[in-house]
Amino acid sequence: MGRIQVLPEVVRNQIAAGEVIERPASVVKELVENAIDAGATRIRIDLEEGGIGMVRVLDDGSGMDADDLALAFEGHATSKLSEASDLEHIASLGFRGEALASMGSIARCRILTRQAGQDAGHSIQAEGGRVGSVEPAAAPVGTSVEIRDLFYNTPARRQFLKTTSTELARCLDVVQRIALAHDGIGFVTTHGGKRVFDVEPEMDFHGRIRRTFGGELSEALVEVSTQSGGIELQGYVAPPRFSRRDTARQMWFLNGRMLRDKLLIRVLRDAYHGFLDPGRQPVAFLRLRLDPARVDVNVHPAKAEVRFRDGQRMFGVLVKALREAVVSTDMSTPGESLLETKWRREARESGASYLPLPSRPSQGAMGPIVVRDVPGRFLHEDAAPRPVASAEAAGSPAMAAGEAGQADAAWSKTDSFQGPFLQVARTYIVRELPDGFEIIDQHALHERLTYELMRRDVRDHAVVVQRLLIPEMVECTRADVKRMAEFQEDLERIGILVEPFGETTLAVHGLPNRLRNPDAEGVVRDLIEILVREGKLPQAEDVIEEVLHSAACRSSIMAGDVLSESDIQSLLVRASELESDQTCPHSRPTRVRFTLADLEKAFHRR
Ligand code: ADP
Ligand code: MG
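Description of the structure in this document.

Criteria and thresholds
- Residues numbered from 1 in each chain as written.
- Chains lettered and ligands numbered in written order.
- Predicted model: local features only at pLDDT ≥ 70, side-chain atom pairs only at ≥ 80, totals over all residues.
- Heavy atoms only, no water.
- Helix = DSSP H or I, 4+ residues; strand = E, 2+ residues; numbered from the N terminus.
- Buried < 20%, exposed > 50% of the residue type's maximum accessible area, 1.4 Å probe, protein only.
- Contact = heavy atoms within 4.5 Å.
- Areas by Shrake-Rupley, 256 points an atom, 1.4 Å probe, with all protein chains shown as cover.
- Axes fitted to C-alpha atoms, helices over the stretch in contact; angles between N-to-C directions.
- Parallel < 35°, antiparallel > 145°, perpendicular 65-115°, else oblique.
- Left-handed = near helix turned anticlockwise from the far one by under 90°.
- Nonpolar A, V, L, I, M, F, W, Y, C, P; charged D, E, K, R; others polar.
- Patch = residues over 30% accessible without salt bridge, like charges linked within 9 Å, V, L, I, M, F, W, Y side chains within 5 Å.
- Salt bridge = Lys/Arg side-chain N within 4 Å of Asp/Glu carboxyl O.
- Expected span 1.5 Å × (residues − 1).
- Near = heavy atom within 4 Å.
- Polar contact = N/O pair within 3.5 Å; in protein donor to acceptor, adjacent residues only side chain to side chain.
- Core = buried A, V, L, I, M, F, W, Y, C linked by side-chain atoms within 4.5 Å.
- Pairing = 2+ DSSP bridges.
- Phe/Tyr/Trp six-rings, centres within 6.5 Å; stacked < 30°, edge-to-face > 60°.
- Lys NZ or Arg CZ within 6 Å of the ring centre and 35° of its normal.

1. Regarding the overall build of the chain
Inference 1: What the chain contains, in helices and strands, is 21 helices and 24 strands.
Inference 2: Of all 606 residues assigned to the chain, the portion counted as buried reaches 49%.
Inference 3: Long-range pairs, those at least 24 residues apart, make up 69% of the contacts in the chain with a sequence separation of at least 6.
Inference 4: Carbon and sulfur atoms form 51% of the exposed surface of the chain, whose accessible area is close to 29,400 Å².

Written out as structure tokens, the structure reads:
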């Protein structure tokens with residue numbers, strides 16, 4: 001007898017299950033996606049023991065007839081594609097016909113279903129690979145799939161599951177992501193009989209983000225919407241201050257399918273370039289629509305990765321649209337966030353986290369504001385920490401109409417940047433605003449200005465070089481000299497003229513004239529450090545960006561320079577003309593703003 005055997009179907013399904021079903025959250029994902037493919041508008045997810053005990057998904061979709069139900073637990077049985085060419089343009093979430101068969105082999109499963117127009121429904125059960133027969137059963141229109149005791153017959157797999165609360169969190173994460181992608185579908189989620197997450201069918205994308213992540217984030221988002229050559233992008237980007245260490249809050253949806261993709265992570269990194277600390281990841285919620293023929297979704301069993309057929313072109317379109325939105329986010333640091341308000345203190349003392357924050361009502365949701373006319377005091381009927389009412393009271397009708405974000409724009413547009421200014425510790429500039437005051441870090445702002453101007457020069461091929469009368473010599477290692485020689489041309493492009501002078505010396509002949517009091521040696525040392533740190537030959541563009549950063553930093557007005565009134569004014573005016581002047585190139589804030597409402601809070605006037 002030969003040694004090679006064709007594996008029995010149960011074993012094959014268990015092997016497939018290893019790829020498709022990793023944990024309860026994968027069950028949730030597959031079942032909810034099936035419900036969506038069936039055209040459901042209301043989906044209910046009931047969980048027990050973090051989904052390990054039970055996942056049940058109930059939908060009001062098309063349902064199945066008895067013949068289809070009989071095949072539901074069969075491997076590679078799907079109603080969603082029938083021939084190989086269908087794989088070229090997949091529009092449904094499922095298509096591999098593996099999910100139910102996998103679950104049937106590693107859990108105790110039951111499906112109850114009825115199609116509209118049929119008098120009765122049907123049920124079928126599967127347990128550890130044994131599939132029962134189709135029985136008539138009373139059922140509402142739609143489908144209910146119940147998966148109990150996941151991995152009960154594969155103890156090795158079960159061991160890898162984490163605690164109930166971790167598994168629950170992952171299940172919830174899946175539901176929330178799917179809910180974000182599907183306007184028009186309502187979701188109800190329970191755990192142990194308690195409601196844990198709901199979304200109503202009529203909620204739009206923004207409403208869903210708000211429900212999931214709270215008002216502070218959702219109110220700060222800026223919308224992106226673009227359409228270009230078959231690429232459609234719609235969604236929201238958050239100001240850089242919401243950035244985090246991981247990419248968990250970068251949510252991309254491609255034709256309704258959630259996905260994680262390296263290319264898209266890079267797209268966001270580029271869009272936020274210069275506004276984020278290295279190592280921080282932006283927050284964004286984005287829906288991408290492409291002709292299904294332009295992506296291959298069949299490269300990963302859980303379909304979490306895809307392959308784009310025209311990645312390069314798409315990259316450019318997306319970065320451009322996103323960058324525009326990113327620069328218009330509110331990057332100032334709200335002074336409010338620095339104040340030790342009562343509820344913050346209480347939250348901290350009780351060990352509670354700040355999230356979810358009491359949501360700030362949006363303009364539309366906010367009732368009329370009543371300002372009582374008490375001389376010298378501003379009283380607010382609404383509890384929301386908004387500058388609006390006090391602005392009105394302060395006699396600035398233009399401000400009264402706006403949200404905080406619009407108010408910022410209004411400030412800079414109508415601002416003539418007149419003094420008086422107060423310079424504190426030769427480092428900070430304080431000035432009054434229509435609705436409060438701001439504190440500007442003069443060094444951070446000047447750094448941003450220098451950096452942006454140098455970047456613009458490079459882009460426009462308009463770099464003006466200041467030649468040094470006497471070249472500045474910088475001693476370094478042989479390796480450094482060699483490395484610098486490789487980059488000589490790229491550096492010349494950005495106005496840094498440096499060349500080897502002997503084996504361990506570099507000679508600096510010129511620097512961009514934008515640099516005030518240039519510190520040639522400092523610039524070269526930074527440059528060497530950047531090249532060493534990158535280890536391999538880095539992309540010229542990245543090096544240039546970094547060199548511009550460090551050069552801008554080395555030449556800017558240092559903390560400690562006394563500035564005249566007109567120095568300050570000219571700095572503010574020029575900075576206001578930049579793409580963004582709210583952070584320095586290292587993404588530290590350039591200014592902190594306090595509204596009158598902040599002050600009232602700080603002085604316990606409300
Ligand atoms: P796939 O989704 O890849 O087709 P599944 O194993 O998830 O494979 O499902 C197998 C088939 O069962 C589907 O193609 C569909 O016809 C049917 N089905 C599964 N869930 C539902 C549901 N909730 N409503 C209607 N039909 C369903
Ligand atoms: Mg499926």
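Don't stop here, the text continues.
2. Details of the packing of helix α9 (residues 262-271) against helix α10 (residues 311-327)
Inference 1: At a closest axis distance of 8 Å, the pairing of α9 and α10 adopts a crossing angle of 40°. What the angle tells us is that α9 and α10 run oblique. Seen from above, α9 lies across α10 with right-handed handedness. Contact with α9, carried on its side by L263, L264, R266, V267, L268, D270 and A271, involves G311, M314, F315, L318, V319, L322, R323 and V326 of α10 and no other residues of that element.
Inference 2: Its residues assigned to classes, the contact of α9 with α10 shows 11 nonpolar, 1 polar and 3 charged.

3. Observations regarding the environment of V11
Inference 1: By secondary structure assignment, the location of V11 is in helix α1 (residues 9-20).
Inference 2: Residue class for V11 comes out partly exposed when judged on its relative accessible area of 33%.
Inference 3: Linking V11 and S105, residues 94 residues apart in sequence, is a C-alpha distance of 8.1 Å.

4. Digging into a nonpolar patch on the surface
Inference 1: A contiguous nonpolar patch, built from L7, V10, V11 and I15 and spanning about 300 Å² of accessible area, is present on the exposed surface.
Inference 2: Inspection of the secondary structure assignment puts L7 in the segment before α1.
Inference 3: Overall, L7 belongs to the partly exposed group, its relative accessible area being 40%.

5. Brief notes about α10
Residues lying three or four places apart along an α-helix face the same way, a consequence of the helix completing one turn every 3.6 residues.
Inference 1: Its 17 residues place the ends of α10 24 Å apart at the C-alpha level, agreeing with the 24 Å of an ideal helix rising 1.5 Å per residue.
Inference 2: The element α10 is largely enclosed, with a buried count of 12 among its 17 residues.
Inference 3: Within α10, the full set of buried residues consists of G311, M314, F315, V317, L318, V319, A321, L322, R323, A325, V326 and V327.

6. Some points on the packing of helix α15 (residues 442-459) against helix α20 (residues 565-576)
Inference 1: At a minimum axis distance of 10 Å, the contact between α15 and α20 shows a crossing angle of 50°. By the angle class used here, α15 and α20 are oblique. For the pair α15 and α20, the sense of crossing is left-handed. Side by side, α15 and α20 meet where Q442, L445, H446, L449 and L453 of the first sit next to L571, L572, R574 and A575 of the second.

7. Some details on the site of ligand 1
Inference 1: Among the 19 residues in the neighbourhood of ligand 1, the closest are listed as N34, T78, S79, K80 and G97.
Inference 2: Contact between ligand 1 and T143: a nitrogen atom at 3.3 Å from a side-chain N or O atom of the residue.
Inference 3: Protein contact buries 93% of the 530 Å² of open area that ligand 1 shows by itself.
Inference 4: For the shell around ligand 1, the elements supplying multiple residues, two or more each, are α2 (24-37) and α4 (99-106).
Inference 5: Partitioning the shell around ligand 1 into residue classes produces 7 nonpolar, 8 polar and 4 charged.

8. Examining the nonpolar core
Inference 1: Counting 63 residues, the largest nonpolar core has L31, V32, I43, I111, F187 and F285 as the members making the most contacts within it.
Inference 2: The element that contributes the greatest number of residues to this core is helix α6 (residues 164-181), accounting for 9 residues.
Inference 3: Residue contacts for I111: discarding those within four places in its chain leaves M64, L69, A72, F73, L100, H122, S123, I124, T143, S144 and V145.
Inference 4: Counting 36 residues, the second largest nonpolar core, distinct from the first, contains Y272, L286, V297 and V327.

9. Considering the pairing of strand β10 (residues 222-228)
Note on strand geometry: in a regular strand, side chains alternate between the two faces of the sheet.
Inference 1: With 7 bridges joining them, β10 and strand β11 (residues 231-237) adopt antiparallel strand pairing. What sits directly across from T226, in β11, is L233.
Inference 2: Here β10 folds back onto β11 in antiparallel fashion, the turn holding 2 residues, of which G229 has a positive phi close to 45°.

10. Considerations on the pattern of salt bridges
Inference 1: One pass over the structure, following the stated rule, counts 30 salt bridges.
Inference 2: Between E438 and R431 there is a salt bridge whose closest N-O contact spans 2.8 Å. We note that E438, like R431, is buried.
Inference 3: A single network of salt bridges, built from pairs that share partners, joins R44, D46, E48, R56, E146 and R148.

11. Regarding the sheet that holds strand β22 (residues 497-500)
Inference 1: Read across the sheet, 3 strands follow the order β21-β23-β22 without closing on themselves; strand pairing throughout is antiparallel. Each edge of the sheet is formed by a strand with only one pairing partner; in this case those strands are β21 (465-475) and β22. Each neighbouring strand pair of the sheet contributes to a mean axis angle of 20°, computed without reference to strand direction.
Inference 2: The pairing of β22 with strand β23 (residues 505-512) spans 4 bridges and is antiparallel. From the neighbouring strand, P500 faces β23, where its bridge partner is L506.

12. Some details on the packing of aromatic side chains
Inference 1: Taken as a whole, this structure holds 3 aromatic pairs when the rule is applied.
Inference 2: Aromatic side chains F437 and F594 sit 5.2 Å apart centroid to centroid with 15° between the ring planes, which places their arrangement in the stacked category. Remark: F594 occurs in strand β24 (residues 591-595) and F437 occurs in strand β20 (residues 436-441); sequence separation between them is 157 residues.
Inference 3: On the accessibility criterion, F437 (21% relative accessible area) is partly exposed.
Inference 4: A relative accessible area of 13% means that F594 is categorised as buried.
Inference 5: Directly above the aromatic system of Y152 lies the positively charged group of R108, at a separation of 4.0 Å from the ring centroid.

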